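# Fold and geometry: a report
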Amino acid sequence: MKQFLAFVKKEFLHIFRDARTMLILLGMPIVQIILFGFAITTEVKNTPVAVYDLSNDAATQQIIQRIAANPYFTLVKELHSPEQIEEVMKKGTAALVIVFDSDFQSNMLHTGEAAVQLIADATDPNQATTVVNYATSILTQYQQEIATQYPAAFSIIPQTRMLYNPQMEGAYNFVPGVMGLILMLICAMMTSIAIVREKEKGSMEVLLVSPIKPIYIIIAKAVPYFTLSLVNLVSILLLSVFVLKVPIAGSLLLIIGVSLLFILVALLLGLLISNVVTTQVAAMLASGMALMMPTMLLSGMMFPIESMPPILQWISSIMPARWYIEAIRKLMIQGVEGIYVIKEVSILLLMILVLLAISLKTFKKRLS
């Protein structure tokens, strides 16, 4: 029995002395429960809403106040012209625009009918449907409360308009997300594993002593994955258009250009991982923990970012896939001009420069 306990003690000591094992055993469950507990939600909160009020009377102001006070909505802008509706949608400033007809209160009290239009960004059809239902519920509650004050019967008639995806096709939402996930996995995970494989075999040291500069050797190993990613990009676009029937509403050249930037970001992430790990298992864990799961949960691919706690929203802002997916949705589904994706492109360019600097700084010319 003493020998058995001695072996048990030895195994405990092995585990306690390995910081990476302790991190996986104790740290990963905490990270996962936080991510899955807060990021995965069917509720849509803090949806940015803009209002175009042609009536500007007491009734519309009361409804606007209810919308602003509702936790499901955040009133971001009051519009003054019809042209601003499309502009805030393209910029992503608002996911829902509420348009009140002229003489709203007068029509409601005298003719018995008042019109209001709900214009939603349907690139994510599930979110658009949920948001419209929330807004309709607020209008219905207001109608029921006002009905007790006036004997005449009246109704508020919401007219719904789904922009960019009137057919409410689910593929319009998940195709940009899948593009980001596939390119991230192919570029980052496979690149990090390929380089670490050379370290494990001992052949990396032979390559490093060759006449070619070490940085060129690393880049040369990344080029095949860059090429394969381009093939994957073309395949995804062809399948999206001809099989999933997702139209490319914007510029194909812009879509390819933004995708190339994202591929470079993912490749640099893979190179950075390969610089700090020494085994393929460690590379897989680093890629899976730091890239795959956060990409799926925090990039807006599956769950709306606005519904997450502020800390997770901040973390999502440093996820490259978030900005890529947002840009692709705007270009591919909404069909916007390049000026509306300057923010996303600028962030991806900044990430390329930062990751390149860090990768060069952490690159080891000699293997220990």
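Summarised in this report is the structure supplied together with it. Residue positions are given per chain, counting from 1 as you read along its sequence in written order. pLDDT decides what is reported in this predicted model: residues at 70 or higher carry local features, side-chain atom pairs at 80 or more are listed and counted, and totals for whole chains, interfaces and linings draw on all residues regardless. To obtain the side-chain values, all non-hydrogen atoms of the structure were used and water was disregarded.

## Examining the nonpolar core
The line we're drawing: Among buried residues, the Ala, Val, Leu, Ile, Met, Phe, Trp, Tyr and Cys ones that are joined through side-chain atoms within 4.5 Å form a nonpolar core. Burial classes follow relative accessibility: with a 1.4 Å probe on protein chains only, a residue under 20% of its type's maximum area counts as buried, one over 50% as exposed, and anything between as partly exposed. Here a helix means four or more residues in a row that DSSP labels H or I, a strand means two or more in a row labelled E, and each is numbered from the N terminus. The contact rule is simple, with two residues in contact once any of their heavy atoms fall within 4.5 Å.
Membership of the largest hydrophobic core comes to 65 residues, with the highest contact counts inside it found for Val 97, Met 179, Tyr 324 and Met 332. Per-element accounting of this core gives the leading share, 14 residues, to helix α7 (residues 171-201). Leaving out residues up to four positions away in the same chain, Met 179 has contacts with Leu 233, Ile 236, Leu 237, Ser 259, Tyr 324, Ile 328 and Met 332. Of all hydrophobic cores here, the second largest spans 30 residues; its members include Ala 128, Val 131, Tyr 134 and Ile 146.

## Re a nonpolar patch on the surface
For clarity, the threshold we go by: To count toward a patch, a residue needs a relative accessible area above 30% and no salt bridge. Like charges then connect within 9 Å, nonpolar side chains (Val, Leu, Ile, Met, Phe, Trp, Tyr) within 5 Å. Areas reported as accessible are Shrake-Rupley estimates using a 1.4 Å probe. Residue values count occlusion only from the protein chains shown. Think of a salt bridge as a Lys or Arg side-chain nitrogen and an Asp or Glu carboxyl oxygen that are within 4 Å of each other.
A cluster of nonpolar side chains, contributed by Phe 174, Val 234, Leu 238, Leu 239, Phe 242, Val 243 and Leu 244, occupies part of the molecular surface with about 670 Å² of accessible area. At 4 residues, helix α9 (residues 214-242) tops the list of elements feeding residues into the nonpolar patch.

## Quick look at the packing of aromatic side chains
Counted only if it meets this: The criterion for an aromatic pair is that two Phe, Tyr or Trp rings (for Trp, the six-membered ring) have centres within 6.5 Å, with stacked assigned to planes under 30 degrees apart, edge-to-face to planes over 60 apart and tilted to the rest. Distance and angle both matter: a charge sits over a ring if NZ of Lys or CZ of Arg is within 6 Å of the ring centre and within 35 degrees of the ring normal.
Enumeration over the complete set of coordinates arrives at 4 aromatic pairs. Residues Tyr 72 and Tyr 134 carry aromatic rings whose centres are separated by 4.1 Å and whose planes lie at 20° to one another, so their mutual orientation is stacked. Residue Tyr 72 is located in the loop between α3 (58-69) and β2 (73-79), and its partner Tyr 134 is located in helix α6 (residues 125-147); the two are separated by 62 residues in the primary sequence. Between the aromatic rings of Phe 100 and Phe 104, the centroid separation amounts to 5.4 Å while the plane-to-plane angle is 85°, which identifies the pairing as edge-to-face. Judged on exposure class, the residue Phe 100 and its partner Phe 104 are both buried. An aromatic cluster of at least three residues, connected via ring pairs, comprises Tyr 72, Phe 73 and Tyr 134. Just above the ring of Trp 323 sits the side chain of Arg 322; from NZ or CZ to the centre is 4.5 Å.

## A word on the environment of Ile 333
Checked against the element boundaries, Ile 333 lands in helix α13 (residues 320-334). Among the residues examined, Ile 333 registers a relative accessible area of 6% and is labelled buried. Each C-alpha atom, one on Ile 333 and one on Asn 173, is 8.7 Å from the other, the two residues being 160 residues apart in sequence. Sequence-distant contacts of Ile 333, that is, excluding residues within four places in its chain, are made with Thr 123, Tyr 164, Tyr 172, Val 246, Ala 249 and Ile 328.

## Quick look at the packing of α3 against α6
Axis angle and axis distance: for two packed helices, these are the angle between their axes and the distance between the axes, and together they describe the pair. Definition in use: Every angle, taken between N-to-C directions, lies between 0 and 180 degrees, and every axis is a line fitted to C-alpha atoms, over only the stretch in contact when it is a helix. Roughly parallel means an angle under 35 degrees; roughly antiparallel means over 145; roughly perpendicular covers 65 to 115; every other angle is labelled oblique. Take the far helix as the reference: if the near one is turned anticlockwise from it by less than a right angle, the crossing is left-handed, and if turned clockwise, right-handed. Charged means Asp, Glu, Lys or Arg here, nonpolar means Ala, Val, Leu, Ile, Met, Phe, Trp, Tyr, Cys or Pro, and polar covers whatever is left, Gly included.
Across the interface, α3 lies against α6 with an axial gap of 10 Å and an inter-helix angle of 130°. When the axes of α3 and α6 are compared, the pair comes out oblique. Regarding α3 and α6, the two cross each other, and that crossing is right-handed. Where α3 approaches α6, its residues Ala 59, Gln 62, Ile 63, Arg 66 and Ile 67 are matched on the opposing element by Ile 138, Leu 139, Tyr 142, Glu 145 and Ile 146. Counted by class, the contact of α3 with α6 contains 7 nonpolar, 1 polar and 2 charged residues.

## A word on the sheet that holds strand β4 (residues 113-121)
Filter applied, for reference: When DSSP locates at least two bridges between a pair of strands, those strands are taken to pair.
Pairing in this open sheet of 5 strands is mixed, and the strands run β2-β1-β3-β4-β5 from one edge to the other. Here the strands that pair on one side only, and so sit at the sheet edges, are β2 and β5 (155-163). For this sheet the average axis-to-axis angle between neighbouring strands, irrespective of direction, equals 25°. Bridge count between β4 and β5: 9 bridges; the pairing is parallel.

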